[in-house]
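Listed below, chain by chain, are the residues.
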Amino acid sequence: MNHPEYIRLKGLVNEHLLDFLPEIDNKSITLYDSMKYSLTAGGKRLRPVLLLAACNFCGGDERRALPYACAVEYIHTYSLIHDDLPAMDNDDLRRGKPTNHKVYGEAIALLAGDGLLSSAFEAMTKDMFLCFDDPAQLKQSTRAIHEIAKGSGCRGMVAGQCADLETENRQCSREMLDYIHINKTGSLIISSVRAGAYLGSADINTLEELSNYAEYLGLAFQIADDLLDVYGQEDVMGKRAGVDLERHKNTYPALYGAEASQARLRELTAAAVRVMEPYEERGSFFAALAASLAERTE
Ligand code: GRG
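Here the residue numbering is sequential within each chain, running from 1 through the sequence in written order. Where totals are concerned, whole chains, interfaces and linings use all residues; where local detail is concerned, this predicted model gives features only for residues with pLDDT of at least 70, and gives and counts side-chain atom pairs only at 80 or more. Think of the side-chain values as coming from all heavy atoms in the structure, minus any hydrogens and water.

A. Broad picture of the overall build of the protein. Helix and strand assignments follow DSSP, with helices taken as H or I runs no shorter than four residues and strands as E runs no shorter than two, numbered in order from the N terminus. Each helix and strand counted, the protein has 15 helices and two strands in total. Each radius of gyration reported is based on C-alpha atoms, and the globular scaling rule is 2.2 Å times the count of residues to the power 0.38. Here the C-alpha radius of gyration of the protein, 18 Å, is about what a compact globule of 298 residues would show, namely 19 Å. Dimensions of the protein, computed from the C-alpha atoms along their principal axes, are close to 55 × 55 × 35 Å. Expressed as a percentage of contacts within the protein between residues at least 6 apart in sequence, the contacts between residues at least 24 apart total 74%. Whether two residues are in contact is decided by their heavy atoms: any pair within 4.5 Å suffices.

What follows is the structure, encoded as structure tokens:
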């Protein structure tokens, strides 16, 4: 996305992405290198940008939210490393580079994912220690961490991934497909927005509206990803195209066809834009981000 605010927030995340990793002993240098390899391989940084933007939208301080933003990118990167492993999607290319296990081997790739996941919680709880004397901030911080734990775990991303693997090679219902998409992809996106809103001390109505926006965006994002797998260019995506079809994955285009998937994508992004319309200029970044998703696949 070319929106100046997206570029600015993405730049901030890239600049500070390694700052919140724990200091690692020299003897674990391979672990650190493999974590760093995947973190710095590129990526859109969508989830951390959303977290920072939601915090700003609610009047919070984006600098305070940075460890949380980087933490969600650690979690996202861990999920990609594990997803690429032979036991899951068995991919050779990610973010335009050889996947982690192709460079470091399967065992180290597993550990790099584990290391990134726990580093995320170390980074966020380290920030939480700094708020012990400020009950309001401590409350925001606890809520944000709980939100991210929930969205990335067995009530969110991990559950979605499990359902995705279990339904491979057999046709699943439309309800199940939505369950997979909403959990595997949507939940970390939703959690990122909600965590940012908590860190910005959102009131209940704003939290609700941002959550609605993120729900539309999360599902739209996965439908766009499904469509790109069929019609996207490998050099732009940084990964192999046509993989979903090869693996008999349940996707929107497979179940509904390309045209209906594109229509559903447009419906969802339009709904996300509508949620932000009453906020006028203040909501314009979120609206533009949602609109750009539909354009990505046209
Ligand atoms: C292994 C627990 C576990 C979960 C894996 C994220 C995920 C769940 C699997 C990756 C496979 C995939 C294509 C999932 C759909 C979500 C998605 C579109 C991921 C890619 O996110 P982007 O496009 O990637 O934001 P970048 O590289 O830009 O960060």
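Having seen it, we continue.
B. Highlighting the site of the ligand. A cutoff of 4 Å decides nearness: a residue is near a molecule or strand if any of its heavy atoms lies inside that distance of it. Taken together, 20 residues are adjacent to the ligand, and Lys44, Arg47, His76, Arg95 and Gln222 come closest. Residue His76 places a side-chain N or O atom 2.8 Å away from an oxygen atom belonging to the ligand. Think of a polar contact as two N or O atoms within 3.5 Å of one another; within protein, one of them needs to be a possible hydrogen donor and the other a possible acceptor, and neighboring residues in sequence only count if both atoms come from side chains. Measuring from an oxygen atom of the ligand, one finds a side-chain N or O atom of Arg95 at 2.8 Å. Contributions of two or more residues to the shell around the ligand are made by helix H4 (62-84), helix H8 (157-166), helix H9 (174-199) and helix H10 (204-231).

C. Expanded view of the side chain of Asn100. With respect to the secondary-structure elements, Asn100 resides in helix H5 (residues 100-104). Only protein chains enter the accessibility calculation, which uses a 1.4 Å probe; a residue whose area is less than 20% of its type maximum is buried, one above 50% is exposed, and one in between is partly exposed. Take Asn100: its relative accessible area is 3%, and that puts it in the buried class. Not counting residues within four places of it along the chain, the set of residues in contact with Asn100 comprises Ser34, Tyr37, Ser38, Ile81, Gly105, Ala109 and Ala112.

D. The arrangement of the packing of helix H7 (residues 135-152) against H9 in detail. Axes, fitted as lines to C-alpha atoms, cover a helix only where it is in contact. Angles between the N-to-C directions of the axes lie from 0 to 180 degrees. Here H7 crosses H9 at 180°, and the two axes come no closer than 8 Å. Between H7 and H9, the angle is such that the two are roughly antiparallel. Residue-level inspection shows Gln140, Ser141, Arg143, Ala144, Glu147, Ile148, Gly151 and Ser152 of H7 in contact with H9, the latter providing Ser187, Leu188, Ser191, Arg194, Ala195, Tyr198 and Leu199. Here the nonpolar group is Ala, Val, Leu, Ile, Met, Phe, Trp, Tyr, Cys and Pro; Asp, Glu, Lys and Arg are the charged ones; every other residue, Gly included, is treated as polar. For the contact of H7 with H9, the residue count by class is six nonpolar, six polar and three charged. When an angle is under 35 degrees it counts as roughly parallel; over 145 it counts as roughly antiparallel; between 65 and 115 it counts as roughly perpendicular; any other value is oblique.

E. Layout of helix H6 (residues 106-129). In this scheme, a helix's expected span is set at 1.5 Å multiplied by one less than its residue total. Over its 24 residues, H6 extends 35 Å from the first C-alpha to the last, a length consistent with the 34 Å expected when each residue adds 1.5 Å. Every buried residue of H6 is accounted for by Ala109, Ala112, Gly113, Gly115, Leu116, Ser119, Ala120, Ala123, Met124, Asp127 and Met128.

F. Representation of H7. The end-to-end C-alpha distance of H7, which contains 18 residues, comes to 26 Å, matching closely the 26 Å that a straight helix rising 1.5 Å per residue would cover. Of all the positions in H7, only Gln140, Ser141, Ala144, Ile145, Glu147, Ile148, Gly151 and Ser152 are classed as buried. End-on view of H7: buried residues confined to an arc of 155°, all on one side of the axis. In H7, those exposed residues whose orientation departs by more than 90 degrees from the buried face are Pro135 and Lys139. In this structure, the buried side of H7 is in contact with helix H3 (46-57), H4, H6, H8 and H9. The arc in question is formed by the directions pointing from the helix axis toward the C-beta atoms.

G. Representation of the packing of aromatic side chains. Only rings of Phe, Tyr and Trp enter the pairing, Trp through its six-membered ring, and a pair is recorded when the two centres are within 6.5 Å. The plane angle decides the type: under 30 degrees is stacked, over 60 is edge-to-face, the rest tilted. Counted by the stated rule, this structure contains eight aromatic pairs. Seen from their ring centres, Tyr6 and Phe285 are 6.4 Å apart, and the 35° between their planes marks the pair as tilted. With Tyr6 in helix H1 (residues 4-16) and Phe285 in helix H15 (residues 284-296), this residue pair connects regions lying 279 residues apart in the sequence. By relative accessible area, Tyr6 is classed as buried at 4%. Assessed through its relative accessible area of 8%, Phe285 is described here as buried. Taken together, a centroid distance of 4.9 Å and an interplanar angle of 75° make the contact between Phe57 and Tyr279 edge-to-face.

H. Looking closely at the side chain of Thr206. Among the structural elements, Thr206 can be located in helix H10. Judged by relative accessible area, which is 10%, Thr206 ranks as buried. In this view, Thr206 contacts Phe57, Cys58 and Tyr279; residues no more than four positions away in its chain are not counted.

I. Local environment of the pattern of salt bridges. Any Lys or Arg side-chain nitrogen located within 4 Å of an Asp or Glu carboxyl oxygen qualifies as a salt bridge. Throughout the structure, instances matching the rule amount to 15 salt bridges. Between Arg8 and Glu62 there is a salt bridge, with the nearest N and O atoms lying 2.8 Å from each other. In this pair, Arg8 is assigned in helix H1 and Glu62 in helix H4, connecting sequence segments 54 residues apart. With a shortest N-O distance of 3.9 Å, Lys27 and Asp25 are connected by a salt bridge. The exposure class of Lys27 is exposed, given its relative accessible area of 77%. Here the salt bridges do not stand alone but share partners, grouping Asp89, Asp164, Glu168, Lys184 and Lys249 into one network.

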